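Spelled out from the first residue to the last, the chains are:
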Amino acid sequence: MAELVLDLAETVAGVGVKTAYGETIDIDGVKVVPVALGYYGFGAGSGGAIDNVQGSGGGGGGLSIPLGAYVGEEGRVRFEPNIIGLVLVATPFIFVVGHALKSVIRALKR
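How each quantity is defined
Along every chain, residues carry numbers that run from 1 in the direction the sequence is written. Restriction of local features to residues with pLDDT of at least 70 applies here, the model being predicted, together with a cutoff of 80 or more for giving and counting side-chain atom pairs; totals for whole chains, interfaces and linings are based on all residues. Side-chain measures here rest on the full set of heavy atoms in the structure, leaving out hydrogens and waters. A patch consists of residues whose relative accessible area exceeds 30% and which take part in no salt bridge; residues with like charges are grouped when within 9 Å of each other, and nonpolar side chains (Val, Leu, Ile, Met, Phe, Trp, Tyr) when within 5 Å. Using the Shrake-Rupley algorithm and a 1.4 Å probe, accessible areas are obtained, with residue cover drawn only from the displayed protein chains. Criterion for a salt bridge: a side-chain nitrogen of Lys or Arg within 4 Å of a carboxyl oxygen of Asp or Glu. Charge assignment: positive for Lys and Arg, negative for Asp and Glu; neither His nor the chain ends contribute. Charge positions are represented by NZ for Lys, CZ for Arg, CG for Asp and CD for Glu. Think of it this way: any DSSP run of H or I at least four residues long counts as a helix, any run of E at least two long counts as a strand, and we number them from the N terminus. Exposed residues in this analysis have more than 50% of their type's maximum accessible area, buried residues have under 20%, and partly exposed residues fall in between, with area computed by a 1.4 Å probe over protein chains only. Any two strands with at least two DSSP-identified bridges between them are counted as paired. Interaxial angle, 0 to 180 degrees, is taken between N-to-C directions of lines fitted to C-alpha atoms, where a helix line uses only the stretch in contact. The criterion used for residue contact is that any of the two residues' heavy atoms lie within 4.5 Å.

Thoughts on a positive patch on the surface
A contiguous patch of positive charge on the surface is contributed by Lys-102, Arg-106, Lys-109 and Arg-110. Along the polypeptide, Lys-102 turns up in helix α3 (residues 83–109). Residue Lys-102 is classed as partly exposed on the basis of its relative accessible area of 42%.

As for the sheet that holds strand β2 (residues 30–48)
Strand order in the open sheet formed by four strands is β1-β2-β3-β4, and the pairing between neighbours is antiparallel. In the strand order of this sheet, the two ends are held by β1 (25–27) and β4 (76–81), each with one partner. Averaged over neighbouring strand pairs, the angle between their axes works out to 30° when direction is ignored. The sheet contacts of α3 involve β2, β3 (54–73) and β4, and relative to β3 the element is tilted by about 130°.

Considering the pairing of β2
The pairing of β1 with β2 spans three bridges and is classified as antiparallel. Within β2, the residue paired with Asp-26 across the bridge is Lys-31. The turn joining β1 and β2, which pair antiparallel and follow one another in sequence, is formed by two residues; a positive phi near 50° is taken by Asp-28. The hairpin turn running from β2 into β3, its antiparallel successor, is five residues long, and Asp-51 in that turn takes a positive phi close to 65°.

Observations regarding a nonpolar patch on the surface
Residues Tyr-21, Tyr-70, Val-77, Phe-79, Ile-83, Leu-86 and Val-87 make up a contiguous nonpolar surface patch of roughly 640 Å² in combined accessible area. Put simply, the parts of the chain that give the nonpolar patch at least two residues each are β4 and α3. Here the element with the most residues in the nonpolar patch is α3; it accounts for three residues.

Some points on the environment of Gly-61
You can see Gly-61 is positioned in strand β3. Taking relative accessible area as the criterion, Gly-61 reaches 38% and is therefore assigned partly exposed.

Brief notes about the pattern of salt bridges
Taken as a whole, this structure holds two salt bridges when the rule is applied. The residue Arg-78 makes a salt bridge to Glu-73 at a minimum N-O spacing of 3.0 Å. Exposure remark for Glu-73: the relative accessible area of 29% places this residue in the partly exposed category. Among the ionic pairs, Arg-78 bridges to Glu-80, the shortest N-O distance being 2.6 Å. By relative accessible area, which is 38% here, Arg-78 ends up partly exposed.

Some points on the pairing of β4
Here β3 pairs with β4 via six bridges, running antiparallel. Across the sheet, residue Val-71 finds its bridge partner in β4, namely Arg-78.

These values are about where atoms sit, not about what they do.
Written out as structure tokens, the structure is:
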């Protein structure tokens, strides 16, 4: 079990700024830095069964959603959004806010 946890820790060690911001790309004098939302999940477990048989397992996964890119030229920087990625990220937030507003309106009607 301890080895499995250490292996997962090594895998997660690289998660950080590079997962959200890619490498800077230079295209015809214009610098482009891609931006993405990345998140990961990992789990592991072990246990014993009848007759001292041990078992263990683990798994993980991740997702990266491209949000857009920072574009720099002539001393100015602007953000160019990826509309589909932003909608994917905003949808759960909008759902939660809508549900909360519905609950508040129902409470105020009473």
